[in-house]
Amino acid sequence: MAKSTHASVCPHDCPSTCALSVEVLDGTRIGAVHGAADNSYTAGVICAKVSRYAERIHHADRLTHPLLRTGPQGSDQFRRISWDEALDRIAEKFIDAAARHGTQAVWPYYYAGTMGLVQRDGINRLRNVMRYSGQRLTICTSLPEMGWRAGVGASRGVDPREMAKSDLIVVWGGNPVSTQVNVMTHVSRARKERGAKLVVVDPYRTYTAAVADMHLAPRPGTDAALACAVMHVAFRDGYADRAYMQAYTDCPDALEAHLHQRGPAWAAEITGIPVEQIETFAALYGRTKRSYIRCGYGFARSRNGAAAMHAVTCLPAVTGAWQHEGGGALWSNRGMYGIDKTLIEGLDVVDRTVRSLDMSRMASILNGDRRDLGDGPQVHAMLIQNQNPLTVCPDSNRVRRGFARDDLFVATHEQFMTETARWSDIVLPATMFMEHDDLYQAGGHSHIQIGAKLIEPPGECRPNHAVLQGLASRLGAKHRGFEMSAMQIIDETLRVSGYPDAKTVLDKRWIDVMRPFQEAHFLDGFPNADRKFHFAPTWQALGDNHAVMPKLPDQMDNIDLAGPDVPFRLVTAPARSFLNTSFTEMASSRRREGRPTVLIHADDAARLGVIDGARVRLGNSRGEIIVHAHIAEGQQPGVLVVESVWPSGCFEGGIGVNALTSDDPGPPWGGAVFHDTAVWMRAEAAALPLAAE
């Protein structure tokens, strides 16, 4: 068997965007997948999911031919059709919807099933040329991004490789052992070489919390209170760097006065964390100059998520940690690259009068909510790429009702028969990342990379770009991007963005664009107009719903509070072996996860008469699900955790966990509030055994 090794890039929706080394067997199949050992961030380490990628890319259940639905939605009844028929039918439906209701009745819908800029974002070129409804990208990053930018001013931070030079790493609202394993490479180095401490702030004992020196488990949605108390202690006990604040922040005196009544006792009442633990953490953080906060996404997926993220980013500004090597913070470096996506997205033909719909509000949009639709038409036709909204979007029962409308046409371009694909009218087979060319930037590090095509796809699978080209020719969508290959788009995009051409990047394998120390640590000023870090954000510059935001860092009491009818707070955290609904089709991933499970505190289990492994029902006004209970340590009474996103079909009754989550938008700019859900729980009778055949 001929074997060769090639460079590639992991495309999945994880900040790591790992540099890969991939075995290609006989030029047709892949073998082992490894992290690139000579990449200074990936450092040879990748997650178990991607290391098993041969199982996914060569899976027997991959979609390989276009399909037309012949039975009821969700019935899995389809017949094979040709690509020409499929694209003709889609174009016909789009043309008809636009003729009847206006072009904004068509809503191309996508997200980050791939992080490649050409294959992910090219759908916007079709949208912009045709004046179809826009899409606000809120489902993952808008809440943490608004909170980060509120203080820092731009979405960039300290080089993550500096964690290896830290004396204290605080992983706040993230679980990198499961979701971004490269973080742990640099944490482990700091612990081994420097004796660094690892602190994890998370509502339950994640895999990362289990290996930490200290785990603080606040009630969901109370992280800002904890951050405020830590800053209170810094001012009270002399850990605040007043000289730094005077030079680099906007209003330190106002902040100190504001925090005077927000000490550990106040925070303990809100968070449920004992005063002694808050004091211990605050002292450790305050006295450690090389303290690095690695902000995750989880704690920001709440109605008060932007305010919580802002409060956490204030910590290194109070202690002056930003000025030290191995100190400061990072949420994402996504705002660092300056990639000119005009060609990719057709930004040269954008019509600013066309409405933009909030992707997290799909349930409300497809059910005709005028708060979203405005005075424009209902959505009557959709093309979905890189997303599985029937499982992933909040309030999934209402999403399903929207999909069931007789006057809605949906075409989905997918790799597997997901729930969304089953409910679609036409299903198109999609390539995977080793079967097409794409360009990648990263949030979790600082490298630009190209993932080149390594093998031919199975059957008739086509890349996103090819599908868009086929539709453009049928719809009369004129733009030179539709006339170019993916690699031609990559090459021109790099050059107009001030980077080397595609051949150079491929030859070098990656381009590191990390800012110099002075700039990365904001020692030349923060990227705000006044060059200061903002304790008092200009929220009105970040979103329309700014009036509700706190003027200074504070606990924002707008969450879905537990009460007599819904006494539990639910977090729907990521499962280690899945990535949203990617990898759920792999038998190895499902074996590792077992089954949909809720983690509950022993006190709650005893009170409700629930034993480990028992069936329980969770519910609220939006829906109900049945899962199995696991009694867990490391979370507070009243806190429930369902690690997901399991396909809905894996739950009894075929209803997944997002039946419980709300599509309420988090201020100031919107965003999905997946971890901000109040529910009830009750024991469920044991399932009846199957009758003997």
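Residues numbered from 1 in each chain as written. Predicted model: local features only at pLDDT ≥ 70, side-chain atom pairs only at ≥ 80, totals over all residues. Heavy atoms only, no water.

A. Region of interest: the overall build of the chain. Summing up its helical and strand segments, the chain has 27 helices and 25 strands in all. Taking 2.2 N^0.38 as the reference for a compact globule, 693 residues should give roughly 26 Å; the C-alpha atoms of the chain span a radius of gyration of 25 Å, in line with that estimate. For the C-alpha atoms alone, the extent of the chain along its principal axes is close to 70 × 65 × 60 Å. In the chain, which comprises 693 residues, the share counted as buried stands at 64%. Long-range pairs, those at least 24 residues apart, make up 75% of the contacts in the chain with a sequence separation of at least 6. Approximately 24,800 Å² of the chain is accessible, and the part contributed by carbon and sulfur atoms is 49%. Averaging the coordinates of the 73 positive side-chain charges in the chain and doing the same for the 77 negative ones gives two points 1 Å apart. (Helix = DSSP H or I, 4+ residues; strand = E, 2+ residues; numbered from the N terminus. Rg over C-alpha atoms; globule rule 2.2 N^0.38 Å. Buried < 20%, exposed > 50% of the residue type's maximum accessible area, 1.4 Å probe, protein only. Contact = heavy atoms within 4.5 Å. Areas by Shrake-Rupley, 256 points an atom, 1.4 Å probe, with all protein chains shown as cover. Lys, Arg positive; Asp, Glu negative; His and termini not counted. Charge placed at Lys NZ, Arg CZ, Asp CG, Glu CD.)

B. The arrangement of the pattern of salt bridges in detail. Here the structure, examined in full by the defined rule, presents 50 salt bridges. Between R189 and E193 there is a salt bridge, with its nearest N and O atoms 3.3 Å apart. You can see R189 and its partner E193 sitting in helix α8 (residues 181-194), four residues apart, about one turn around the helix. Across the pair K503 and D507 runs a salt bridge whose closest N-O atoms are separated by 2.9 Å. Taken together, the positions of K503 and D507, both in helix α24 (residues 502-508) and four residues apart, correspond to about one turn of that helix. You'll find K503 and D507 in the same group, each marked exposed. Salt bridges sharing partners connect three or more residues here, namely R361, D369, R371, D372, D395, R398 and D663. (Salt bridge = Lys/Arg side-chain N within 4 Å of Asp/Glu carboxyl O.)

C. Expanded view of the environment of R219. For R219, the position within the fold is in the loop between β10 (214-216) and α10 (223-237). Spatially, the C-alpha atom of R219 lies 6.9 Å from that of Q636, the residues being 417 residues apart in sequence. Dropping the residues within four chain positions of it, R219 is found in contact with A268, E269, I270, T271, G272 and Q636. A polar atom in the side chain of R219 sits 3.1 Å from the backbone oxygen of E269. (Polar contact = N/O pair within 3.5 Å; in protein donor to acceptor, adjacent residues only side chain to side chain.)

D. Here's a closer look at helix α14 (residues 275-287). Here α14 contains 13 residues, and its C-alpha end-to-end distance of 18 Å stays within 8% of the 18 Å for a straight helix at 1.5 Å per residue. Listing the buried residues of α14 in full gives I278, F281, A282, A283, L284, Y285 and G286. (Expected span 1.5 Å × (residues − 1).)

E. Region of interest: the sheet that holds strand β3 (residues 29-35). The antiparallel open sheet is built from three strands, whose spatial order is β1-β2-β3. The open sheet has two free edges, formed respectively by β1 (3-9) and β3, since each of these has just one partner strand. Direction aside, neighbouring strands of the sheet carry axes that sit 30 degrees apart on average. (Pairing = 2+ DSSP bridges. Axes fitted to C-alpha atoms, helices over the stretch in contact; angles between N-to-C directions.)

F. Representation of the pairing of strand β14 (residues 381-385) in the model. Within β14, five of the five residues are buried, which leaves it mostly tucked inside the rest of the structure. Residues A381, L383 and Q385 line one face of β14 and the alternating positions M382 and I384 line the opposite face, and both faces are buried. Across five bridges, strand β6 (residues 106-110) lies against β14 in parallel orientation. Across the sheet, the residue bridging to Y109 is I384, located in β14.

G. Looking closely at the sheet that holds strand β21 (residues 597-600). Strands sit in the order β20-β24-β21-β23-β22-β25 around a closed barrel of six strands; the barrel is mixed. Neighbour to neighbour, the strand axes of the sheet diverge by 45 degrees on average, direction disregarded. Pairing of strand β20 (residues 568-571) with strand β25 (residues 677-683) involves three bridges; the strand directions are antiparallel. The residue bridging F568 from the neighbouring strand is V679, located in β25.

H. Local environment of the environment of A91. As for its placement among the helices and strands, A91 is situated in helix α3 (residues 83-101). According to the relative accessible area criterion, A91 is buried, its value standing at 4%. When the C-alpha atoms of A91 and G481 are compared, they prove to be 19 Å apart, with 390 residues separating the residues in sequence. Leaving out residues up to four positions away in the same chain, A91 has contacts with L471, R474 and L475.

I. Main features of the environment of R191. Considering the arrangement of structural elements, one finds R191 in helix α8. Counting along the chain gives 392 residues from R191 to F583, while the straight-line C-alpha distance between them is 31 Å. One polar contact links R191 to D213, side chain to side chain, over a distance of 3.2 Å.

J. Examining the nonpolar core more closely. Among the nonpolar cores identified, the biggest contains 101 residues, and W172, W322, M382 and F535 are the most heavily contacted of them. Looking at this core, the element that brings in the most residues is α10, giving eleven residues. Sequence-distant contacts of W172, defined by excluding residues within four places in its chain, comprise V201, D223, L226, A227, F281, I293, R294, C295, G296, F299, V312 and L315. Core analysis: the second largest hydrophobic core is formed by 28 residues, I90, V106, L383 and L428 among them. (Core = buried A, V, L, I, M, F, W, Y, C linked by side-chain atoms within 4.5 Å.)

K. Geometry of the packing of α10 against helix α12 (residues 252-259). Where α10 meets α12, the closest approach of the two axes is 9 Å, and the angle between their N-to-C directions is 110 degrees. When the axis of α10 is compared with that of α12, the two are roughly perpendicular. Together, C228, M231, H232 and F235 of α10 and P252, L255, E256 and L259 of α12 make up the contact between the two elements. Its residues assigned to classes, the contact of α10 with α12 shows six nonpolar, one polar and one charged. (Parallel < 35°, antiparallel > 145°, perpendicular 65-115°, else oblique. Nonpolar A, V, L, I, M, F, W, Y, C, P; charged D, E, K, R; others polar.)

L. Layout of unusual backbone geometry. At the junction of S644 and V645, the peptide bond is cis and its omega measures out at 20 degrees in the coordinates. Mapped onto the elements of the fold, V645 is located in the loop between β24 (639-642) and β25. Residue P668 is reached from P667 by a cis peptide bond, and omega for that bond is 10 degrees. Tracing the sequence through the fold places P668 in the loop between β24 and β25. The backbone of N386 shows a phi angle near 60 degrees, a positive value even though the residue is not glycine.

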